[in-house]
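# Structural features, examined
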Number of protein chains: 2
Amino acid sequence: GEKCVEVGAKLLVDGTQSVGALPMDVKEYNIDALICAGYKWLFGPYSIGLAYISDAFEDGVPLEESWMNRTNAKNFSGLTEYEKAYHPGAGKYNVGETSNFILIPIIREALKQISHWTVPEIQAYSKKLIQPLIAYLKNLGVEFESDKYFSSHLFALKLPAEVDVDQLKINLEKNKVFISVRGQFLRISVNIFNDAEDIKQLIKSIEATIKK
Amino acid sequence: GEKCVEVGAKLLVDGTQSVGALPMDVKEYNIDALICAGYKWLFGPYSIGLAYISDAFEDGVPLEESWMNRTNAKNFSGLTEYEKAYHPGAGKYNVGETSNFILIPIIREALKQISHWTVPEIQAYSKKLIQPLIAYLKNLGVEFESDKYFSSHLFALKLPAEVDVDQLKINLEKNKVFISVRGQFLRISVNIFNDAEDIKQLIKSIEATIKK
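These remarks concern the structure in this document. All values derive from a computational prediction rather than experimental measurement.

This part covers the overall build of chain A. Scanning chain A for helices and strands turns up six helices and six strands. Seen in sequence order, chain A has helices and strands lined up from the N terminus as α-β-β-β-α-α-α-β-α-β-β-α. Against the globule reference of 17 Å for 212 residues, chain A gives a C-alpha radius of gyration of 22 Å, more extended than a compact globule. Counting only C-alpha atoms, chain A reaches 75 × 45 × 30 Å along its principal axes. A buried classification covers 40% of the 212 residues belonging to chain A. In the structure as shown, chain A presents an accessible area of about 13000 Å², 55% of it carried by carbon and sulfur atoms. A distance of 6 Å separates the average location of the 24 positive side-chain charges in chain A from that of its 27 negative side-chain charges.

Before going further, it helps to examine the packing of helix 5 (residues 165-174) of chain B against helix 6 (residues 196-210) of chain B. Residue and element names in this part refer to chain B. Remark: helix 5 packs on helix 6, axes separated minimally by 9 Å, with the N-to-C direction vectors making an angle of 145 degrees. Both helix 5 and helix 6 take part in a crossing whose hand is right-handed. Listed contacts from helix 6 to Gln167, Leu168, Asn171 and Leu172 of helix 5 are Leu202, Ser205, Ile206, Ala208 and Thr209. Taken together, the residues that form the contact of helix 5 with helix 6 break down as five nonpolar, four polar and no charged.

Attention now moves to the sheet that holds strand 2 (residues 33-37) of chain A. Residue and element names in this part refer to chain A. One open sheet accounts for three strands, arranged 1-2-3; its pairing is mixed. Of all strands in the sheet, those with a lone pairing partner are strand 1 (12-14) and strand 3 (49-53), marking the two edges. Ignoring which end each strand starts from, the neighbouring axes of this sheet average 10 degrees apart. The pairing of strand 2 with strand 3 spans five bridges and is classified as antiparallel. Bridge pairing links isoleucine 35 to alanine 51 in strand 3.

Reading the values: the criteria
Residues numbered from 1 in each chain as written. Chains lettered and ligands numbered in written order. Predicted model: local features only at pLDDT ≥ 70, side-chain atom pairs only at ≥ 80, totals over all residues. Heavy atoms only, no water. Helix = DSSP H or I, 4+ residues; strand = E, 2+ residues; numbered from the N terminus. Rg over C-alpha atoms; globule rule 2.2 N^0.38 Å. Buried < 20%, exposed > 50% of the residue type's maximum accessible area, 1.4 Å probe, protein only. Areas by Shrake-Rupley, 256 points an atom, 1.4 Å probe, with all protein chains shown as cover. Lys, Arg positive; Asp, Glu negative; His and termini not counted. Charge placed at Lys NZ, Arg CZ, Asp CG, Glu CD. Axes fitted to C-alpha atoms, helices over the stretch in contact; angles between N-to-C directions. Left-handed = near helix turned anticlockwise from the far one by under 90°. Contact = heavy atoms within 4.5 Å. Nonpolar A, V, L, I, M, F, W, Y, C, P; charged D, E, K, R; others polar. Pairing = 2+ DSSP bridges.

So this is what it looks like as structure tokens:
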């Protein structure tokens, strides 16, 4: 953010893997546009994304030219009297069919839930929750990012070579732990709805592959 | 279709207002690409569209570059070993998040319903249903397209000047007829779930504005 201001560049952030679980202050970080898929940490459905677009893009031209984003779109009787002007503000960047009466209510409820839990609390809870796992993995020789660059709600780690990945997948499934195993890497995500027992089952699943 | 073949042009059709209610044979009409929004005559939800894309676009480049449309996308463990090649066939033109587990089941059920009714039957039923309305309107001096260019499931008409449009809107609402009134034009759509009583209510709604 600071560097961008220095050189006069705009800062666009894909917040898909952070927003909803990690505080993200667009003012503090000088973010000009923050775009998020809705289906990850915002608990929304597929096919919906949310974006913050600052005044820096007030004069921009949207990728998708939707008639709904023009100034006279609310008047159905005069639909064919096209006006060229866009709605003021970020609304002109809306995708078509924004009045999505199936998906919008879903994501609205999801955002209410997040507001109820609060984002700092989600992050703090996640941090506390994973402490036993981090301790166990460090003991196995797994290295982690420094605290400054580490997020507790979502993190990847390289499994030690002695872990049999195929066996791990079997164990995870058996113990009902749902984790993305990608090659020798694990991508772990936690949230308020996880508890210490989940972490215990994950440690158990890894431990059982090493004994082999 | 024939003209396009003659001059070597490709024929792209927006079938949104026809497919599902009017037979549309891509082979018969030499259609190279047929694109439909899902939420009109296909009874689908917002945010889903369907397309037929012929071999004419086999070498095309999709507007949206989704990793799901590349050849190795099914192997999650090797996700970062990107392959440049697209899936063969029209699948490479798929939008992101095609595995939409909320919207896809909805449109699948909708298509089953249409297949059950059959498209020719929807069109034939609509044609029969609107006969009293057409007769009534012709009697009022309303002109219609010739049969060759007329679709019975969806048609627009210019109301006679003696119809008070504002009063008509009130009457339609009172009689629970849901029709798009745009200026002096009506856009009428019918389907299997409409019956003679609906048409009667519509005629009644118009008739009551003329007596004023």
